[in-house]
Amino acid sequence: MDRKGIVIAGIGGNYDVFVSGGETVRVKARGVFRKEKISPLIGDRVVVTDEGFLSDILPRRNQMIRPAAANIDQILIVFALRDPDPHFGLLDRFLAEAAKQKIPARIAFNKTDLLDPDEDELLVSAAESYRKAGYPVFLLEARSEEEGPFNQLSEVRSCLSGKVTVLAGPSGVGKSSLINALIGADQEVGELSEKIARGKNTTRHARLLPVMLDGEVAEASDLGSWIADTPGFTSFYTQSIEAEELDQFYPEFLPHLGQCYYQDCRHISEPACAVREAVETGEITRLRYDNYRELYQELKQFRKEHPIYQK
Ligand code: GDP
Ligand code: ZN
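Below is a summary of the structure that appears in this document. (Residues numbered from 1 in each chain as written. Chains lettered and ligands numbered in written order. Predicted model: local features only at pLDDT ≥ 70, side-chain atom pairs only at ≥ 80, totals over all residues. Heavy atoms only, no water.)

Another aspect to go through is the overall build of the protein chain. Scanning the protein chain from terminus to terminus reveals eight helices and 15 strands. Taken over 311 residues, the protein chain has a buried fraction of 51%. Here the analysis covers contacts within the protein chain between residues at least 6 apart in sequence; of these, 62% occur between residues at least 24 apart. Carbon and sulfur atoms form 49% of the exposed surface of the protein chain, whose accessible area is close to 15,800 Å². (Helix = DSSP H or I, 4+ residues; strand = E, 2+ residues; numbered from the N terminus. Buried < 20%, exposed > 50% of the residue type's maximum accessible area, 1.4 Å probe, protein only. Contact = heavy atoms within 4.5 Å. Areas by Shrake-Rupley, 256 points an atom, 1.4 Å probe, with all protein chains shown as cover.)

So, about helix 4 (residues 153–160). Buried residues of helix 4: Leu-153, Val-156, Arg-157, Cys-159 and Leu-160, and no others. Down the axis of helix 4, the sector holding all buried residues measures 160 degrees, keeping them to one side. Looking one or two residues beyond helix 4, the residue adopting positive phi is Gly-162, at roughly 75 degrees. (Arc of directions from axis to C-beta.)

Moving on: the sheet that holds strand 15 (residues 226–228). Reading across from one edge, 10-9-8-11-15-12 is the order of the six strands in this open sheet, with mixed pairing throughout. Each edge of the sheet is formed by a strand with only one pairing partner; in this case those strands are strand 10 (137–139) and strand 12 (208–210). Here the strands of the sheet are splayed against their neighbours by 30 degrees on average, with no regard to which way each runs. By the bridge criterion, three bridges tie strand 12 to strand 15 in an arrangement that is antiparallel. Residue pairing across strands places Leu-209 opposite Ile-227, the latter belonging to strand 15. Sheet contacts for helix 2 (residues 88–100): strand 8 (74–80), strand 9 (105–110) and strand 11 (164–168); angle to strand 8, the most-contacted strand, approximately 180 degrees. (Pairing = 2+ DSSP bridges. Axes fitted to C-alpha atoms, helices over the stretch in contact; angles between N-to-C directions.)

Before going further, it helps to examine the site of ligand 1. As a structural note, the neighbourhood of ligand 1 is formed by 16 residues, with Asp-113, Gly-172, Lys-175, Ser-176 and Ser-177 the closest of them. At 3.0 Å from an oxygen atom of ligand 1 is found a main-chain nitrogen or oxygen belonging to Ala-142. A distance of 3.0 Å separates an oxygen atom of ligand 1 from a polar atom in the backbone of Gly-174. Considering every element that reaches the shell around ligand 1, the biggest residue donor is helix 5 (residues 175–183), with three residues. Residue composition of the shell around ligand 1, grouped by class: five nonpolar, six polar and five charged. (Near = heavy atom within 4 Å. Polar contact = N/O pair within 3.5 Å; in protein donor to acceptor, adjacent residues only side chain to side chain. Nonpolar A, V, L, I, M, F, W, Y, C, P; charged D, E, K, R; others polar.)

Protein coordination at the zinc ion (ligand 2) comes from Cys-260 (SG), Cys-265 (SG), His-267 (ND1) and Cys-273 (SG), with a distance range of 2.1 to 2.4 Å. Around the zinc ion (ligand 2), the four donor atoms sit at angles spanning 105 to 114 degrees, and that spread fits a shape best called tetrahedral. Written as a sequence motif, the donor arrangement for the zinc ion (ligand 2) is C-x4-C-x1-H-x5-C. The pair formed by His-267 and Cys-273 is uniform in burial state, with each residue classed as buried. (Donors = N, O, S within 2.8 Å, 3.2 Å for Na, K, Ca; no water. Tetrahedral: all angles 85-135°; square planar, octahedral: opposite > 155°, others 65-115°.)

Cis geometry marks the peptide bond from Asp-83 to Pro-84, where omega comes out at 5 degrees. Checked against the element boundaries, Pro-84 lands in the loop between strand 8 and helix 2. One non-glycine residue, Asp-83, lies in the positive phi region at around 55 degrees. Structurally, the position occupied by Asp-83 is in the loop between strand 8 and helix 2. Judged by its relative accessible area of 54%, Asp-83 falls in the exposed class. The backbone phi angle of Ala-272 is positive, close to 50 degrees, even though this residue is not glycine. Locating Ala-272 in the fold gives a position in the loop between strand 15 and helix 7 (274–280).

Right, dumping it as structure tokens:
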């Protein structure tokens, strides 16, 4: 009987598919995919036959180019609060790209142990300003198992439940450490670390790893909870954003769009701009607005330098 499953890895024409029932099978793709120039991606919902073939790819909800993956439910963007210091402009760029792709984004601020709650304002202010912008934010200390207000590992687990999640973030912020904390010790962590080490120097295919929920790997009835093993990817790549549409990818700008004096207001220096007024009243944080302006100029500049990509 044909079975449905999810592609968790693909190497040289072979695919590992986690099928309903909780088993992983290694199958080959039918030649028809090569002819049609479609290759199965991790995250693809597929049909596998008893003969060991991947016979059908179900329609994709979305598709990411880097890492090459399909049907991504969410992106968990990891930044450290120290070592390296967070680059919020880069974080906002990741958030805008996820929004462009219509993939929900969540934020994890790691290495909270390197800050002092009484001295370092950043520890709470970073979380507050992104929650205010409408994003779920988790504070983490990925190397420690002790949970608390500054290490919300169980909240992260709940957020991953039943979903396929891609991690993104600069290198050195703790993505590998977080993956290890999430997948549990019984899952060949050694082998994983080795793969991660290799991943830093070579391009390789990402794979999906099962996330442990409440001490057990989700099984059987559903297709489980998965996290893409992508510490080698410091960012993800989607279609490029046009400067003119950038404001739509800032959730906290949305209530103000259409309220500006000029219909095509870009919220830079135009008079009677509702977005800038919201910055004045504190409804939109200065941090997010300044990053918007910077990213807007950057995208405009890119267009100028690459007219060949003009729509
Ligand atoms: P990646 O490049 O994003 O995969 O980051 P790694 O997981 O390799 O972590 C980079 C470095 O930060 C390693 O030396 C980790 O041990 C360390 N690290 C990871 N998480 C934490 C944390 O929560 N606190 C502290 N102090 N160090 C951490
Ligand atoms: Zn405006």
